[in-house]
Amino acid sequence: MPKALRILLPIKRVIDPQIRPRINLAKTAIEKTGVQFSLNPFDDIAVEEAVRIREAKKFPVENIHAVSIGPLKVQDSLITALAKGADSSTLIDSGDLDLEPLAVAKILKKVVEKHKCNLVIMGKQATDDDSNNTGQMLAGLLNWPQATNAAKVEFDEANTRAFVTREVDGGEEIISAALPLVITTDLRLNTPRYVTLPNKMKAKKKPMEKLKLLDFKDLSLEPRLNVTRVEDAPEKSPGIKVDSVDELISKLKEAKVI
């Protein structure tokens, strides 16, 4: 009989990717007051993939559990995940504290162990910091295999081994790894579904465990990095058109590019 999957979905609430972030010079940080937030796009893809694995009905999925670390407002993102098909969730209140990837991975390890998960599916990165570290660090802490930047996910008949397709410079590569496993998702894996209002109302009745960082006081969560400055990217100068190759070479020489 195929092994039942217990899937963990770590998700993050980020500034909506369609909004250009503003910098608060006084705080040396991105302005978050009065800004629209949404579910991290890569995590949204992870949620969709977990639900599709269940809907395919090829293998039993015992539970899909979503978890998020952040202020209480991350509850909105968890409700979105529940509305899309997650069974239960955990909200870990960190207040206004922004945890680094290693600290997040340490907390997620505890959640994996508590819920006896054997598969973690999460976005390869968050669009606010683009660290692309948490999934790899979690796999290292758990001593599990990892398959990053997944563009396709399949399982063998016994549901004990995954085959993850990754896009690389030369085409595609397929990684075979045994469960338990950490998978991080890339953009081409799937297209997330929209949340319907009835499903969102039903999601509010699903179990949501609420914890605080104090519940993880045995972990060392101190920051290891110090942000000294946050500034806008330099404005790009407008391009120009040239009429010939000779003029192009001349312009490149003037710019001391060649």
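Residues numbered from 1 in each chain as written. Predicted model: local features only at pLDDT ≥ 70, side-chain atom pairs only at ≥ 80, totals over all residues. Heavy atoms only, no water.

Peer 1: Could you clarify how one ought to interpret the pattern of salt bridges in this entry?
Peer 2: Between side chains of opposite charge, a pair can form when the charged atoms approach closely. Taken as a whole and assessed by the stated rule, the structure comprises 16 salt bridges. One salt bridge connects Asp128 with Lys12, and the closest N-O pair in it is separated by 3.1 Å. Here Asp128 is found in the loop between β8 (119–123) and α4 (134–142), whereas its partner Lys12 is found in the loop between β1 (5–11) and β2 (13–15), with 116 residues between them in sequence. Accessibility expressed as a relative area gives 43% for Asp128, which makes it partly exposed. (Salt bridge = Lys/Arg side-chain N within 4 Å of Asp/Glu carboxyl O. Helix = DSSP H or I, 4+ residues; strand = E, 2+ residues; numbered from the N terminus. Buried < 20%, exposed > 50% of the residue type's maximum accessible area, 1.4 Å probe, protein only.)

Peer 1: Would you take a moment to explain empty space enclosed by the protein for this structure?
Peer 2: Empty space among the atoms becomes visible once a probe the size of a water molecule is rolled across them. Applying the stated rule across the entire model yields one cavity of 30 Å³ or more. Taken as a whole, the largest cavity spans an internal volume of roughly 40 Å³. What lines the largest cavity is simply Glu100, Leu102, Ala103, Lys106, Ser220, Leu221, Glu222 and Arg224. When the residues that make up the lining of the largest cavity are grouped by side-chain class, the tally is three nonpolar, one polar and four charged. (1 Å grid on protein atoms, 1.4 Å probe; cavity = no way out; pocket = protein on both sides within 12 Å on 5 of 7 lines; lining within 4 Å. Points joined across faces, edges and corners; volume = space filled by probe spheres on them. Nonpolar A, V, L, I, M, F, W, Y, C, P; charged D, E, K, R; others polar.)

Peer 1: Help me understand the side chain of Arg166 in this model?
Peer 2: Note on placement: Arg166 falls in strand β10 (residues 161–168). Within the structure, the side chain of Arg166 is placed 2.6 Å from the backbone oxygen of Thr148, a separation counted as a polar contact. Other than its neighbours up to four places away in sequence, Arg166 contacts Thr148, Asn149, Gly171, Glu172, Glu173 and Ile175. (Polar contact = N/O pair within 3.5 Å; in protein donor to acceptor, adjacent residues only side chain to side chain. Contact = heavy atoms within 4.5 Å.)

Peer 1: Got a minute to help me understand the pairing of strand β12 (residues 181–185) in this structure?
Peer 2: The side chains of a regular strand alternate between both faces of the sheet. β12 sits mainly inside the fold: five of its five residues count as buried. The pairing of β8 with β12 spans five bridges and is classified as parallel. Bridge assignment links Val120 to a residue of β12, and that residue is Val182. Pairing geometry for strand β9 (residues 146–155) and β12, over three bridges, is parallel. Along β12, the bridge assignment pairs Gln146 with Val182. (Pairing = 2+ DSSP bridges.)

Peer 1: Could you clarify how one ought to interpret the layout of surface pockets in this entry?
Peer 2: Approximately 400 Å³ is the volume attributed to the second largest pocket. Lining of the second largest pocket is provided by 17 residues; of these, Ser38, Leu39, Thr80, Val195 and Lys200 occupy positions nearest its centre. Broken down by secondary-structure element, the contributors of at least two residues to the lining of the second largest pocket are β5 (37–39), α1 (41–56) and α2 (75–84). In terms of residue count, the dominant contributor to the lining of the second largest pocket is α2 (five residues). Class assignment of the residues belonging to the lining of the second largest pocket gives a composition of seven nonpolar, three polar and seven charged.

Peer 1: So what exactly am I meant to see when it comes to the nonpolar core here?
Peer 2: Side chains that are nonpolar tend, in soluble globular proteins, to be buried together. In this structure, Leu5, Ile7, Leu9, Leu119, Ile121 and Phe155 are the most contacted members of the largest nonpolar core, which totals 37 residues. Listed by contribution, the elements that provide at least two residues to this core are β1, α1, β6 (61–70), α2, β8, β9, β10 and β12. The element best represented in this core is α1, accounting for six residues. Aside from chain neighbours lying at most four places away, what touches Ile121 is Ile7, Leu8, Leu9, Pro10, Ala46, Ala50, Ile53, Ile183 and Thr185. By size, the runner-up hydrophobic cluster in this structure holds 25 residues, among which are Ile69, Met122, Leu138 and Leu219. (Core = buried A, V, L, I, M, F, W, Y, C linked by side-chain atoms within 4.5 Å.)

Peer 1: Please clarify how the packing of aromatic side chains should be interpreted in this entry.
Peer 2: What describes a pair of aromatic rings is the distance from one ring centre to the other and the angle between the planes of the rings. Evaluation of the coordinates by the stated rule reveals one aromatic pair. With centroids separated by 6.1 Å and ring planes inclined at 75 degrees, the aromatic side chains of Phe59 and Phe155 adopt a geometry described as edge-to-face. Here Phe155 lies in strand β9 and Phe59 lies in the loop between α1 and β6, a separation of 96 residues in the sequence. Assigned by exposure class, Phe59 and Phe155 land together as buried. When the ring centre of Phe37 is taken as origin, the NZ or CZ atom of Arg13, which lies over that ring, is 4.0 Å away. (Phe/Tyr/Trp six-rings, centres within 6.5 Å; stacked < 30°, edge-to-face > 60°. Lys NZ or Arg CZ within 6 Å of the ring centre and 35° of its normal.)

Peer 1: Would you mind showing me how to read the sheet that holds β9 here?
Peer 2: Strands pair in a sheet through their backbones, by hydrogen bonds, and they do so in one of two ways: parallel or antiparallel. Strand order in the open sheet formed by nine strands is β11-β10-β9-β12-β8-β1-β6-β7-β13, with mixed pairing between adjacent strands. Of all the strands in the sheet, the pair left with one neighbour each is β11 (171–178) and β13 (208–212). Strand after strand, the sheet turns through a mean of 35 degrees between neighbouring axes, direction not considered. Pairing geometry for β6 and strand β7 (residues 88–93), over six bridges, is parallel. Across the sheet, His65 pairs through a bridge with Ser88, a residue of β7. In the packing of α2 onto the sheet, the strands contacted are β1, β6, β7 and β13, and the crossing angle to β7 comes to about 170 degrees. Running at roughly 180 degrees to β12, α4 makes contact with β8, β9 and β12 of the sheet. (Axes fitted to C-alpha atoms, helices over the stretch in contact; angles between N-to-C directions.)

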